[in-house]
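# Descriptive structure summary
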Amino acid sequence: MPSTHDWINDPLGVVEGMFAASQSSQSSGWEAKAVELFKEQLKEKEAQTLVPSLNDVPLHYLKPDSLVRFRCLVQDMFDPEFFMGVYETVDPATKARTLRCGKYKDVTESGVDVNSRSTVTAERQTFYCVPIPGENQWAKDGYAETRSSQGRVVPSTSYVPSRQKRSYEDDEEMEVQPQKQKETHAASPSAADPHGNGDCKRQETEAPSGPAASASHLDLNFPLPGEKGPSCLVKVYEDWDRFKLNDTLQVFGILSVSPALSALADEKDSFLDPAAGLESAAEQRVHSPPASLVPRLHLLHAERLDHNNPLLPGAALQENRAFLSSALGEMAAVRAELLSYFTHVLLGDALAAEFLLLHLLSSVYSRRDVLPLGKFTLNLSGCPAAAAYTQRLYQIVQQLVPSSFYLAMSLQNMNQMRLVPRKDYVANRLVSGALQLASSTSLFLDETQMEPGQLDATGVRNVTALGNLITWQKVDYDFNFHQMEFPCNINVLIASEGRSLLPSDCRVHLQPQVAPAHMEEYLSSIHVHPQASSQLNKFRVFLSVARLLDYSISDEVTKAVEDDFVDMRKDDPQSISADDLHRLLVVARLLSLSLGQTSLTRDSWLRAKHIETLRRSRMEQHKSVNGNEP
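Residues numbered from 1 in each chain as written. Predicted model: local features only at pLDDT ≥ 70, side-chain atom pairs only at ≥ 80, totals over all residues. Heavy atoms only, no water.

Going by an unreviewed UniProt entry, the chain carries the name Mini-chromosome maintenance complex-binding protein and comes from Poecilia reticulata. For the chain, the Sequence similarities (unreviewed entry) comment in UniProt is given as "Belongs to the MCMBP family." One UniProt comment on the chain, placed under Subcellular location (unreviewed entry), says "Nucleus". (UniProt positions renumbered as here; feature names shortened; annotations may be inferred.)

The next point concerns the overall build of the chain. The helix and strand tally for the chain stands at 17 helices and 18 strands. Put simply, the chain has 630 residues, and 53% of those count as buried. A fraction of 78% describes how many contacts in the chain between residues 6 or more apart in sequence connect residues 24 or more apart. Here the chain has roughly 28,300 Å² of accessible surface; of this, 51% comes from carbon and sulfur atoms. (Helix = DSSP H or I, 4+ residues; strand = E, 2+ residues; numbered from the N terminus. Buried < 20%, exposed > 50% of the residue type's maximum accessible area, 1.4 Å probe, protein only. Contact = heavy atoms within 4.5 Å. Areas by Shrake-Rupley, 256 points an atom, 1.4 Å probe, with all protein chains shown as cover.)

This brings us to helix α8 (residues 321–345). Spanning 25 residues, α8 covers 34 Å between terminal C-alpha atoms, matching the ideal 36 Å at 1.5 Å per step. Along α8, the largest kink reaches about 50 degrees and is centred on methionine 331. Every buried residue of α8 is listed here: Leu324, Ala327, Met331, Val334, Arg335, Leu338, Leu339, Tyr341, Phe342, Thr343 and Val345. The inward-facing, buried residues of α8 abut α9 (350–361), α10 (389–398), α13 (519–525), α14 (534–548) and α16 (578–594). (Expected span 1.5 Å × (residues − 1). Bend = angle between axes of the 7 residues up to and from the residue.)

Time to look at the environment of proline 384. Summarising the element assignment, proline 384 is placed in the loop between β10 (378–381) and α10. Excluding anything up to four places from it in sequence, proline 384 contacts Leu347, Tyr389 and Leu510.

Now for the pattern of salt bridges. In the structure shown here, the tally under the stated rule is 27 salt bridges. Residues glutamate 40 and lysine 43 are paired through a salt bridge, measuring 3.1 Å at the closest nitrogen-oxygen approach. What makes lysine 43 exposed here is its relative accessible area of 53%. (Salt bridge = Lys/Arg side-chain N within 4 Å of Asp/Glu carboxyl O.)

The 5 strands are arranged β11-β14-β17-β10-β18 in an open sheet whose pairing can be described as parallel. Strands at the two margins of the open sheet, each flanked by one partner only, are β11 (404–408) and β18 (506–509). On average, adjacent strands in this sheet sit at an angle of 15 degrees to one another, irrespective of strand direction. As defined by bridge partners, β10 adjoins β18 across 4 bridges and the pair is classed as parallel. In the strand pairing of β18, serine 381 is matched with histidine 509. Set on the sheet, α9 makes contact with β10, β14 (442–446), β17 (491–495) and β18; between it and β17 the angle comes to about 150 degrees. α10 contacts β10, β11, β14 and β17 of the sheet and is inclined by roughly 170 degrees relative to β11. (Pairing = 2+ DSSP bridges. Axes fitted to C-alpha atoms, helices over the stretch in contact; angles between N-to-C directions.)

This part takes up helix α12 (residues 457–472). Given a rise of 1.5 Å per residue, 16 residues ought to cover 22 Å, and the 22 Å separating the end C-alpha atoms of α12 matches this to within 8%. Here α12 has its buried residues at Gly459, Asn462, Val463, Ala465, Leu466, Gly467, Leu469 and Ile470. Capping the start of α12, aspartate 456 holds a side-chain oxygen 3.1 Å from the backbone nitrogen of threonine 458, two or three residues further along. Looking one or two places after α12, you find glutamine 473, whose phi comes out positive at around 50 degrees. (Polar contact = N/O pair within 3.5 Å; in protein donor to acceptor, adjacent residues only side chain to side chain.)

Applying the stated criterion across every chain, the model contains 3 cavities of 30 Å³ or more. For the lining of the largest cavity, the elements supplying multiple residues, two or more each, are α9, α10, β14 and β17. Residue contributions to the lining of the largest cavity peak at 3 residues, all from β14. (1 Å grid on protein atoms, 1.4 Å probe; cavity = no way out; pocket = protein on both sides within 12 Å on 5 of 7 lines; lining within 4 Å. Points joined across faces, edges and corners; volume = space filled by probe spheres on them.)

We now examine the layout of surface pockets. Estimated volume of the largest pocket: approximately 1,100 Å³. Looking at the largest pocket, it is lined by 41 residues, and the ones nearest its centre are Asp306, Ser363, Ser439, Ser440 and Asn489. Elements that contribute at least two residues to the lining of the largest pocket include exactly β15 (474–478), β16 (483–487) and α14. No other element matches α14, which puts 5 residues into the lining of the largest pocket. In terms of residue class, the lining of the largest pocket is made up of 20 nonpolar, 12 polar and 9 charged. (Nonpolar A, V, L, I, M, F, W, Y, C, P; charged D, E, K, R; others polar.)

Our focus in this paragraph is the nonpolar core. Core analysis: the largest hydrophobic core is formed by 71 residues, its most contacted members being Leu338, Phe342, Leu346, Phe355, Leu380 and Tyr389. Ranked by size, the runner-up nonpolar core spans 29 residues in total, among them Leu224, Ala434, Phe479 and Ile490. (Core = buried A, V, L, I, M, F, W, Y, C linked by side-chain atoms within 4.5 Å.)

Confidence in the prediction of the chain, expressed as mean pLDDT, is 85, and 83% of residues score 70 or more. Counting contacts from residues 148–188, a segment whose pLDDT is below 50, to residues more than four positions away or on other chains yields 91 contacts. Contacts of residues 190–216 to residues separated by more than four positions or lying in other chains number 73 contacts, the stretch itself having pLDDT below 50. (pLDDT = per-residue confidence, 0-100.)

This part takes up the packing of aromatic side chains. Taken as a whole and assessed by the stated rule, the structure comprises 13 aromatic pairs. The interplanar angle of 25 degrees and the centroid separation of 6.4 Å between the aromatic rings of tyrosine 341 and phenylalanine 342 together place this pair among those described as stacked. Judged on exposure class, the residue tyrosine 341 and its partner phenylalanine 342 are both buried. When the ring of tyrosine 406 is compared with that of phenylalanine 444, the centres are 5.8 Å apart and the planes differ by 20 degrees; the resulting orientation is stacked. (Phe/Tyr/Trp six-rings, centres within 6.5 Å; stacked < 30°, edge-to-face > 60°.)

As a further point, take the pairing of strand β4 (residues 120–131). As judged from the 5 bridges shared by strand β1 (residues 67–77) and β4, these two strands associate in the antiparallel manner. Within β4, the residue paired with cysteine 72 across the bridge is proline 131. Bridging between strand β2 (residues 81–90) and β4 involves 5 bridges; their strand directions are antiparallel. Paired with glutamate 81 across the two strands is arginine 124, which belongs to β4. Both β4 and strand β5 (residues 232–236) contribute to a ladder of 5 bridges, which runs antiparallel. Considered in β5, the bridge of glutamine 125 is made with valine 236.

Rendered as structure tokens:
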């Protein structure tokens, strides 16, 4: 069994040792054994924290060919590529021949006999992966703090970082444009970046702020404007069909940043890749970017992430019974505290606070034909335009959920932003759009930013895409000659002054308990907790745990609900429809989960009916006052 130093610091040595042993003993299946060895080592979260993270440690501090991890989203999938799985080298002095393993590396040693009959050509898949879009700063900081020690020390205490090429953190003064372009469709609700990312140090790592990036800069194809961090080409050797586009992964792999990769990109060896000569210049730039900006990661093990909340255990929630039991025991108390906080934030409106809490717990748990079950898009209408209220509200939501994105629905944004990803056949890549988001991301749509004007063709497509996302939880990617549906699971919160122009599952009109004369003073007093406060951490755990709980309805309760529905229809056939029943069931489900209950009880059903009746009564009153509003 290799030591911790070996499998983290020199994973290639471990793999090559197993390959050499298999050659001497003529045993088969060494590849599976090598993968299993690393999988076994990484079974415990404590062992995983020993592996330095590409999300937290600057690239030039990581030792080449060491084991690293990367928390990412699969943004694109390139065509499979061929490589030399086994090759033979010849010692120029002794003429001795040695078989070597070509897996998990990009560049071979010198002295390769390209005409050897022992050469074995193999195939691997390449994924283009980016940091999780919209991941909030508190989540990034939480993951960074879980490392047992700094990644720059773990690989090797004697390793001196060499900077053969500029990395994404280097050279603040180099290649900066004379005048930084204004982000015409920036999604930031204030001058300060709401994601806490700040300005990028290098233009190459910043998402393009205009409709097209400058050709002189490498576009790292981040879905959201203003994002930064490394993107990676992840090389996958086995079972790549188990991964899908937009999967959120924790990847463990061997880091490859050889400067030779840049030379190979300029002059590819047709023996290594017969299709290299068929690539256009644009395609070559995308598929073979400088390794100092887009490192290669040769996958040894990957885990699909159910969430990206660092406060939760890494294993499945149900497997960690001690944590789950503790969290469930505190659910009711934390729920009451969070409800009180939301009531304060929503200007004293307790009913709106209840529905906002339920919205943040919602998630698509299943699909019946094309209908997504569990979604709960909330339209908070009646939001005051004073003191940038909606932006303050987003900042509070942002402090509670791991990933979020604020989209100001201004005329300029709608007409200029690229929301839907599209296929670029010249560069042979999927050009990302702002709706290429990870599962469970909170999307905050601010309609209070709308102004009079005309939507152009792009604006109409963008509004249509948002409507489809809300109704069907899918985004139709643009492949020029056809569209391809990609299902998603995005929590959409719409803030508006009147009724939203977009569809929603539930609308609540705010009833502020604050006099208009005191509105500015009240809004300035809304307390935003410090990022690392224990109170916020309790709220964050509560929301994530409730989303991940299993839920069921017993046959007995199902029968009671059906009877109740029939009785309501008898009293007034027009009072409740099948859609109303569906919404009631969703509200009851979310209400149960918020109380830590994994099955529907009679009390929760009655409580759901009560708050839904209050909401509908309020909407009727608002409609009678504002008769011209639908």
